[in-house]
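Commentary on secondary and tertiary structure
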Amino acid sequence: MRQAGRSLPEYFPVRGEGTILDAINDPDRAAEITLQPVRRYGVDAAILFSDIVTPVWVSGFGIDITPGVGPECERPFRAAADLDRLRPIDPSADLAFQTKTIELLVEELPVPLIGFAGAPFTLAAYLVEGRPSRDHGTVKSLMLSDPELWGRLCARLADLAITTLTAQVAAGAAVVQLFDSWAGALHPEHYRRFVAPYSERILAAMADLGVPTIHFGLNTSELLDQFAAAGADVVGVDWRTPLPVARERTGGSVALQGNLDPALCLAPWESVAAEVRRVLAENGGHPGHIFNLGHGVLPQTDPETLGRVVELVHDEGRAEAG
Ligand code: 1CP
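Anyway, here's the lowdown on the structure attached to this text. (Residues numbered from 1 in each chain as written. Predicted model: local features only at pLDDT ≥ 70, side-chain atom pairs only at ≥ 80, totals over all residues. Heavy atoms only, no water.)

**Points about the packing of aromatic side chains**
What counts here: Stacked, tilted and edge-to-face are the three classes applied to pairs of Phe, Tyr and Trp rings, where Trp contributes its six-membered ring and a pair requires centres within 6.5 Å; stacked means planes under 30 degrees apart, edge-to-face means over 60, and tilted covers the rest. Our definition puts a charge over a ring when NZ of Lys or CZ of Arg is within 6 Å of the ring centre and also within 35 degrees of the ring normal.
This model, assessed by the stated rule, comprises seven aromatic pairs. Through a chain of ring-to-ring contacts, the aromatic side chains of Tyr-11, Phe-12 and Phe-49 assemble into a single cluster. For Arg-85, the ring lying beneath its charged end belongs to Phe-61, and the centroid distance is 4.0 Å.

Here's what the structure looks like:
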């Protein structure tokens, strides 16, 4: 999940000042930041240090990540002419830094590396709104008022995701995750009509690569059936949906990833431990479960708490396995 590094004191000296895109673009720094939580916490997988907007950034659209804010575009996407600013990318040139980062990581990592990309709706939300948005009014308005242009934008973003994920797997990523963080802002019917076909296209392309796929969004309780049907092997669930409900809504067809509320990790350890045990109990020993937070780590989280969460999940898992 995003921002695991922000809870670690060792993150800041390596990340440096300015936009994180500079650190992402530097294979030595990006590899080191990817390794830090693995060393510190002993987690079972690493997530590549990059961002969902990296492919849009290399395409030359004009996007930056402002510290303390998130992705921002000086000239947001408004009209068909803006499609030209989303030029198709050539991974051997445009993503050479990412390939190099992954190659360094595969040498060093004791655990599998998760590559990732942003799904079309969530990326379009940044491109059309121009910055993080609460209501997503501008992007929803474009979707409804000009479905033809919306479709062309999403098709372009789906191609970008496919190119990026394919390059990540070729370089050594063992798993890929598709982040549609803001899809939960949509009515299920709008998701079905305007968004699902493009995420499905990405996941179908991944099926040919032979690596497991994870599909995640926040607030997706009413979309879980469609998230499961979109074609991933694993569906990420935030903390608002109990795992048994998620299992019912996904029809048991996928594994589930989640879903400890990251905000609860600020509580005293005994409360955190009880919540970890509750998530495990809700899973009820089902083999299709990847324990995770329901969203990114809050920056004020004590690293010691996260280390203890990992240890507790490992201990309980071993006890369960007998
Ligand atoms: O934890 C890690 O370092 C893993 C690498 C990672 C990942 C998986 C980063 C680095 N970003 C992401 C994915 C990402 N980026 C998502 C999907 C997952 C999620 O929902 O959290 C999203 C929505 C973004 C967009 C983004 N980038 C935001 C959100 C803004 C909003 O709309 O609220 C922010 C704040 C960023 C900046 C960013 N990206 C990554 C980090 C560590 C940061 C924090 C800022 C920094 O250190 O400068």
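**Observations regarding helix H3 (residues 27-41)**
Note the threshold: Strands here mean DSSP runs of E at least two residues long; helices mean DSSP runs of H or I at least four residues long; both are numbered from the N terminus. Every helix has an expected span of 1.5 Å times one less than the residues it contains. A residue's bend is the angle separating two fitted axes: one through the seven residues that end there, the other through the seven that start there. Any two residues whose heavy atoms approach within 4.5 Å are treated as being in contact.
Helix length check: H3, at 15 residues, gives a terminal C-alpha distance of 22 Å against a target of 21 Å (1.5 Å per residue), a fit within 8%. At Leu-35, H3 shows its strongest bend, of approximately 25°, with the proline Pro-37 following within four residues. Structurally, H3 contributes buried residues whose contacts are with helix H1 (11-15), helix H2 (20-24), strand E1 (46-47), helix H6 (96-108), strand E4 (113-118) and helix H14 (303-321). Remark: Gly-42 follows H3 within two positions and exhibits a positive phi of approximately 65°.

**A closer look at the sheet that holds strand E5 (residues 175-179)**
Note the threshold: Here a strand pair is declared whenever DSSP counts at least two bridges between the two strands.
The sheet built from seven strands is open, its strands ordered E1-E4-E5-E6-E7-E8-E9 with parallel pairing. Pairing within the sheet leaves two strands with one partner each, and these edge strands are E1 and strand E9 (289-293). Looking at chain direction, E1 and E4 are connected through two bridges and run parallel. Bridging from a neighbouring strand, Ile-47 pairs with Ile-114 of E4.

**A closer look at the packing of H6 against helix H9 (residues 147-171)**
Defined as follows: Orientation is described by lines fitted to C-alpha atoms, with helices fitted over the stretch in contact, and by angles between N-to-C directions that extend from 0 to 180 degrees. In this scheme the crossing of two helices becomes right-handed for a clockwise turn of the near helix relative to the far one and left-handed for an anticlockwise turn of less than a right angle. Only Asp, Glu, Lys and Arg are considered charged in this grouping, and only Ala, Val, Leu, Ile, Met, Phe, Trp, Tyr, Cys and Pro are considered nonpolar; every other residue, Gly among them, is considered polar.
Their axes nearest at 9 Å, the elements H6 and H9 cross at an angle of 35°. Both H6 and H9 take part in a crossing whose hand is right-handed. Taken together, the residues of H9 that come into contact with H6 (itself represented by Gln-98, Thr-99, Ile-102, Glu-103 and Val-106) are Thr-164, Gln-168 and Ala-171. Residues of the contact of H6 with H9, tallied by class, amount to three nonpolar, four polar and one charged.

**Observations concerning the pattern of salt bridges**
Spelled out, the test is: Salt-bridge detection follows one rule: a side-chain nitrogen of Lys or Arg within 4 Å of a carboxyl oxygen of Asp or Glu. For every residue, the accessible area obtained with a 1.4 Å probe (protein chains only) is divided by the maximum for its type, and the residue is called buried under 20%, exposed over 50%, and partly exposed between those limits.
Tallied over the full model, the rule gives 13 salt bridges. In this structure, Arg-87 and Asp-94 form a salt bridge, with 3.5 Å as the shortest nitrogen-oxygen distance. You can call Asp-94 buried: its relative accessible area is 18%. We note a salt bridge from Glu-316 to Arg-277, for which the minimum N-O separation is 3.4 Å. One end of the pair, Glu-316, is in helix H14; the other, Arg-277, is in helix H13 (residues 269-283), with 39 residues separating them in the sequence. Overall, the relative accessible area of 40% leaves Arg-277 in the partly exposed class. Within this structure, Glu-275, Arg-278 and Glu-282 form a network of salt bridges that share partners.

**A short note on the nonpolar core**
Our working rule: The nonpolar core is taken to be a set of buried Ala, Val, Leu, Ile, Met, Phe, Trp, Tyr and Cys residues, with the residues joined through side-chain atoms within 4.5 Å.
Counting residues in each nonpolar core, the largest one holds 105 residues, and the members touching the most others are Val-56, Phe-77, Leu-127, Trp-150, Leu-153, Leu-157 and Val-276. Per element, the largest residue contribution to this core is 13 residues, and it comes from H9. Setting aside its immediate chain neighbours within four residues, Leu-127 contacts Val-56, Phe-61, Ile-63, Cys-73, Pro-76, Phe-77, Leu-86, Leu-153 and Leu-157. Within the second largest apolar cluster, five residues are counted, among which are Ile-114, Val-175, Val-234 and Ala-255.

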